[in-house]
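Descriptive structure summary
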Amino acid sequence: MPRASSRATVLAGLEADLLPPETYAWWVPVVAAVLLVLVAAWLVFVFWWSNPTRVAAREAKKARFTPAPMTTSLRQRYTEEIDQHLGRYEEGEIDLRELHLELSSTMRRFASERIGTDVTTWTRGDVASYDTTRHLGDLLAVYEEPSFAQRSEAEVRASASSAQEVVNRW
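Residues numbered from 1 in each chain as written. Predicted model: local features only at pLDDT ≥ 70, side-chain atom pairs only at ≥ 80, totals over all residues. Heavy atoms only, no water.

1. A closer look at the overall build of the protein
- Per the secondary structure count, the protein includes eight helices and zero strands.
- Split into buried and exposed, the 170 residues of the protein put 25% on the buried side.
- As presented, the protein carries roughly 12000 Å² of accessible surface, and 60% of it is formed by carbon and sulfur atoms. (Helix = DSSP H or I, 4+ residues; strand = E, 2+ residues; numbered from the N terminus. Buried < 20%, exposed > 50% of the residue type's maximum accessible area, 1.4 Å probe, protein only. Areas by Shrake-Rupley, 256 points an atom, 1.4 Å probe, with all protein chains shown as cover.)

2. Things to note about the packing of helix H4 (residues 72-90) against helix H5 (residues 96-115)
- Two elements in contact, H4 and H5, have axes whose closest approach is 9 Å; the angle formed by their N-to-C orientations is 170°. One element, H4, and the other, H5, form an angle in the roughly antiparallel class. Of the residues in H5, those touching H4 at Leu74, Arg77, Tyr78, Glu81, Ile82, His85, Leu86, Arg88 and Tyr89 are Leu96, Leu99, Glu102, Leu103, Thr106, Met107, Arg109, Phe110 and Glu113.
- Residue classes in the contact of H4 with H5 are distributed as 10 nonpolar, two polar and six charged. (Axes fitted to C-alpha atoms, helices over the stretch in contact; angles between N-to-C directions. Parallel < 35°, antiparallel > 145°, perpendicular 65-115°, else oblique. Contact = heavy atoms within 4.5 Å. Nonpolar A, V, L, I, M, F, W, Y, C, P; charged D, E, K, R; others polar.)

3. Describing the packing of aromatic side chains
- A complete count under the given rule lists four aromatic pairs for this structure.
- Arranged with centres 5.2 Å apart and planes meeting at 70°, the rings of Tyr78 and Phe110 form a pair that is edge-to-face. You can see Tyr78 sitting in helix H4 and its partner Phe110 sitting in helix H5, a full 32 residues away along the chain. As far as burial versus exposure is concerned, Tyr78 and Phe110 are alike and both buried.
- Pairwise contacts between aromatic rings join Phe45, Trp48 and Trp49 into one cluster. (Phe/Tyr/Trp six-rings, centres within 6.5 Å; stacked < 30°, edge-to-face > 60°.)

4. A word on the nonpolar core
- Core analysis: the biggest nonpolar cluster contains 26 residues, and Ile82, Met107, Phe110, Leu136, Leu139 and Tyr143 have the highest contact counts within it.
- Broken down by secondary-structure element, the contributors of at least two residues to this core are H4, H5, helix H7 (134-148) and helix H8 (156-169).
- With residues up to four places along the chain from it excluded, the contact list for Leu139 reads Met107, Ser162, Ala163 and Val166. (Core = buried A, V, L, I, M, F, W, Y, C linked by side-chain atoms within 4.5 Å.)

5. Looking at the pattern of salt bridges
- One pass over the full model with this rule turns up four salt bridges.
- Notably, a salt bridge pairs Arg109 with Glu81, separated by 1.9 Å at the nearest N-O pair. Here the residue Arg109 occupies a position in helix H5, and Glu81 occupies one in helix H4, the gap between them amounting to 28 residues.
- Judged by its relative accessible area of 32%, Arg109 is partly exposed. (Salt bridge = Lys/Arg side-chain N within 4 Å of Asp/Glu carboxyl O.)

6. Let's talk about H5
- Between its first and last C-alpha, H5 extends 28 Å over 20 residues, near the 28 Å set by a 1.5 Å rise per residue.
- Phi for Gly116, located one or two positions after H5, is positive at around 80°. (Expected span 1.5 Å × (residues − 1).)

7. Things to note about the confidence of the model for the protein
- Looking at the protein, the pLDDT average stands at 79 and 72% of residues meet or exceed 70.
- When pLDDT is averaged over each element of the protein, helix H2 (residues 27-49) comes out on top at 92 and helix H1 (residues 2-17) at the bottom at 62. (pLDDT = per-residue confidence, 0-100.)

8. What to know about the side chain of Arg108
- Relative to the helices and strands, Arg108 is located in helix H5.
- Within polar-contact distance, the side chain of Arg108 engages the backbone oxygen of Val119 at 3.3 Å.
- Those residues in contact with Arg108, other than ones at most four positions away along the chain, are Val119, Thr120, Trp122, Thr123, Arg124, Val127 and Leu140. (Polar contact = N/O pair within 3.5 Å; in protein donor to acceptor, adjacent residues only side chain to side chain.)

This is the structure in structure tokens:
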């Protein structure tokens, strides 16, 4: 029988070391509750932000923008800058790739000044999707191939005249 009493003593010692469940990690339910509240708030925000009427209102606001009338000096300044790029290419200062990168940069600055929003860091797709710059997005798409290709068949005069046409038309 000594075994039974020693087993009972060991079990009694283990029970004395165990803590009741209510003292374990009080912060776990608090963190779970906070996470549930955050997830609920996130879902409410997503449904609120993606509401079709809100999306339509944002698109309508963007579409309502009409740029201010363009001054002759602004047109002339960008036309001269395009001519300078073309002249530098013809003198051999820059190659075809650099010419198209310069033209792209000039057209992005022109669009930024024209619409009052900095588009120099926008992707071509962002520029094309912006209501007032659809024709500029198409031009930037044409400039991408010679800007990044190892060899290109791009026409220098056509690229420069397209840029001047956008400046004069828009």
